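Topology and contacts: notes
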Number of protein chains: 2
Amino acid sequence: MTKIAIDAMGGDHAPKAPVLGAYQAAQAYPKHEFFLYGQEEQMRNILPGDKPSNLTYVHCEDVITNEDSPTFAVRRKRQASMMQALKAVRQGRCDACISAGNSGALMVGGLTQVKTLRGVERPAFLVQVPALLAMERPLVFLDAGANVDSKVKQLWQNAVIGGAYTEAVFKLKKPRIGLLNNGREAKKGNQLAREGYEVLQADSQLNFIGNVEPHELFKNRCDVLVADGFQANMVLKSMEGTASTIIQLLKKTIQEGSLAGKLGGLLLKADLKNLAGVLDANEAGAGLVFGLRAPVLKCHGDANEQAFKQACQQALQLLSSDLYGQLADIFKAHPLPESLEKEEE
Amino acid sequence: MTKIAIDAMGGDHAPKAPVLGAYQAAQAYPKHEFFLYGQEEQMRNILPGDKPSNLTYVHCEDVITNEDSPTFAVRRKRQASMMQALKAVRQGRCDACISAGNSGALMVGGLTQVKTLRGVERPAFLVQVPALLAMERPLVFLDAGANVDSKVKQLWQNAVIGGAYTEAVFKLKKPRIGLLNNGREAKKGNQLAREGYEVLQADSQLNFIGNVEPHELFKNRCDVLVADGFQANMVLKSMEGTASTIIQLLKKTIQEGSLAGKLGGLLLKADLKNLAGVLDANEAGAGLVFGLRAPVLKCHGDANEQAFKQACQQALQLLSSDLYGQLADIFKAHPLPESLEKEEE
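What you see is a predicted model; the values in this text were computed from it and never measured.

Here we take up the interface of chain B and chain A. In this assembly, 48 residues from chain B lie in contact with 48 residues from chain A. Buried surface at the junction of chain B and chain A, summed over both partners, amounts to about 4,400 Å²; 71% is from carbon and sulfur atoms. Scanning the region where chain B abuts chain A turns up 2 salt bridges. On inspection of chain B and its partner chain A, the count reaches 8 residue pairs in polar contact (both at pLDDT 80 or more). Looking at the side of chain B that touches chain A, the elements that each hand over two or more residues are α7 (191-202), α8 (229-256) and α9 (259-278) of chain B. It is α8(B) that provides the largest number of residues to the side of chain B that touches chain A, a total of 19 residues. Residues that form the side of chain B that touches chain A fall into these classes: 23 nonpolar, 19 polar and 6 charged.

Attention now goes to the pattern of salt bridges. Residue and element names in this part refer to chain A. Here the structure, examined in full by the defined rule, presents 20 salt bridges over all chains. The shortest N-O distance in the salt bridge between lysine 153 and glutamate 121 comes to 2.9 Å. You can see lysine 153 sitting in helix α6 (residues 152-170) and its partner glutamate 121 sitting in the loop between α5 (103-114) and β5 (124-129), a full 32 residues away along the chain. A salt bridge links glutamate 216 to arginine 221; its shortest N-O distance comes to 2.7 Å. For glutamate 216, a relative accessible area of 7% puts it in the buried group. Three or more residues are tied together by salt bridges with common partners; here these are Glu136, Arg137, Arg176 and Asp223.

All names here are of chain B. Along strand β6 (residues 139-142), one buried face is formed by Leu139 and Phe141 and the opposite face, lined by Val140 and Leu142, is buried too. As paired strands, strand β5 (residues 124-129) and β6 are joined by 4 bridges and run antiparallel to one another. Its bridge partner lying in β6, valine 127 is registered against phenylalanine 141. Sheet analysis places β6 next to strand β9 (residues 224-226), joined by 3 bridges and oriented parallel. Residue pairing across strands places valine 140 opposite valine 224, the latter belonging to β9.

Rules used in this analysis
- Residues numbered from 1 in each chain as written.
- Chains lettered and ligands numbered in written order.
- Predicted model: local features only at pLDDT ≥ 70, side-chain atom pairs only at ≥ 80, totals over all residues.
- Heavy atoms only, no water.
- Contact = heavy atoms within 4.5 Å.
- Buried area = accessible area lost by both parts, 1.4 Å probe.
- Salt bridge = Lys/Arg side-chain N within 4 Å of Asp/Glu carboxyl O.
- Polar contact = N/O pair within 3.5 Å; in protein donor to acceptor, adjacent residues only side chain to side chain.
- Helix = DSSP H or I, 4+ residues; strand = E, 2+ residues; numbered from the N terminus.
- Nonpolar A, V, L, I, M, F, W, Y, C, P; charged D, E, K, R; others polar.
- Buried < 20%, exposed > 50% of the residue type's maximum accessible area, 1.4 Å probe, protein only.
- Pairing = 2+ DSSP bridges.

Put into structure tokens, the structure is as follows:
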């Protein structure tokens, strides 16, 4: 039996979306337990039916807002729903934590409460880029925004743990590792990218396939893509902005276009909706604060109940795989390259 | 009378596209002169009619390929068409240079041949992001890829010269300057972005409006967007990749969709073509190696004859404005902030 802690107060649609998502998960997975952390009065009146016996409210006095700085949240808001949910994981009362709240607070809270894996300095943010066109499965992309000005060592660590994630979640042996860069050649990019390339290339335990450019994310060139958090976050925000701009342009084209175009747009409408679905953040699944000793999942701020239910499912899948067992000792079998030991001194 | 030097051997469609583009420009602007640098035998048989008297072939023995390293190209291929075209600008025989060839070679060649403006250390690559949706005019974006690991001073210089460009080209007083970053708050981003924010914010001569996120490029938040070349290049490549992925998805949706969707797609086809046009690199205009003493324009590698003609037009417009006159002394009226003088020591 697995126990999932859900922060009921985080995200744009809290507490409704997390409460209903947890409710649906509790019904779909009756053998597991779900704990909703939040203000009990607010949570009580949301359920459309009776509360299932495997769904529990845990009352918390305080709430972390998006305006709170991460350190303020972690130090001064210990009674907040997010911190209490993380504490439950640290104390072994729960096995995983889910929140759509303040990302920075979840990252720092995860680091201080749940702690990092042996050999990992700082957790990375791991996201799955949806499988489109020629891709057989989602692309595992990390660090998607936890750490700026990363060191080469962090790129290497992310390659190792990202590889382990992909092996466990997609049952894929020796996943192809790529490095995000603005050109394919070894000498391309900024200093971090050039040094990262050398270290990844020299590590024979990694199936490193080289640099992958931002326009190649849907081209199935690698299974795991590593990057500095600032870079990756910029790329993801560019993709999001371009997609939403094009969909707006398309709507405008249909509205203002020729009569034939308008009619065509009406006929295409259902198919366009499917397309928008593929690109929808709610469908892409939750991100993972990765490198911690237990799963901490971050839903999109805009997450709806479906997204919370899906995050519960993701957490159950992660815990039913042997991933976290393997991660505990992963750096024993895969030691730090000598060139990085020097960097550490 | 203005004289434009065109590298006839650079780009995927050379020499046909540059030769025909220059031919069309020569016909459209009979008062100006156009010089095609390249292998004369190859250029000769391309024109569909007689050679206009304001179009001249300048034979060059050598050609720079995309595989040549910039320093190799600049040092060892002095007889190449690109280097000869740049040399013509340096020696005052031409007023501007256009090429679709090796970007790095054009950048280093521009730096060594045409030289930088007083006060500018290294040229930046300036591009115009097409005006979509709520935008009244294209967004001036620099450095789009010339320099990685930029210093704060380069961000500031780009803000000053990018502002002057926008004032001259779009007749816009006090253009709004933005800084590319992954969040709006002053403390967001990597070290360069945080320090850059402070310096731009403190300079009262700049109309600095703060950080602009990669998904806000089409939201009309600023007129000039400054960034490190690596960052900006990553963002542009992400946008390009997302747009092409969505257009492929849309085609697939139309092909594999419902019968209604297929019919709709056929009816929409002309409007979709218009949309693709808006996003087409050939329509976005040439980029500019900016910060040099004369215009050096870089066409997209895929540039067609229309794009070369348009680049000729851009060069004529730049030269007919007072931009380069103003740039010569721009840092006299806009001195380096004290905080950056320290950085220089």
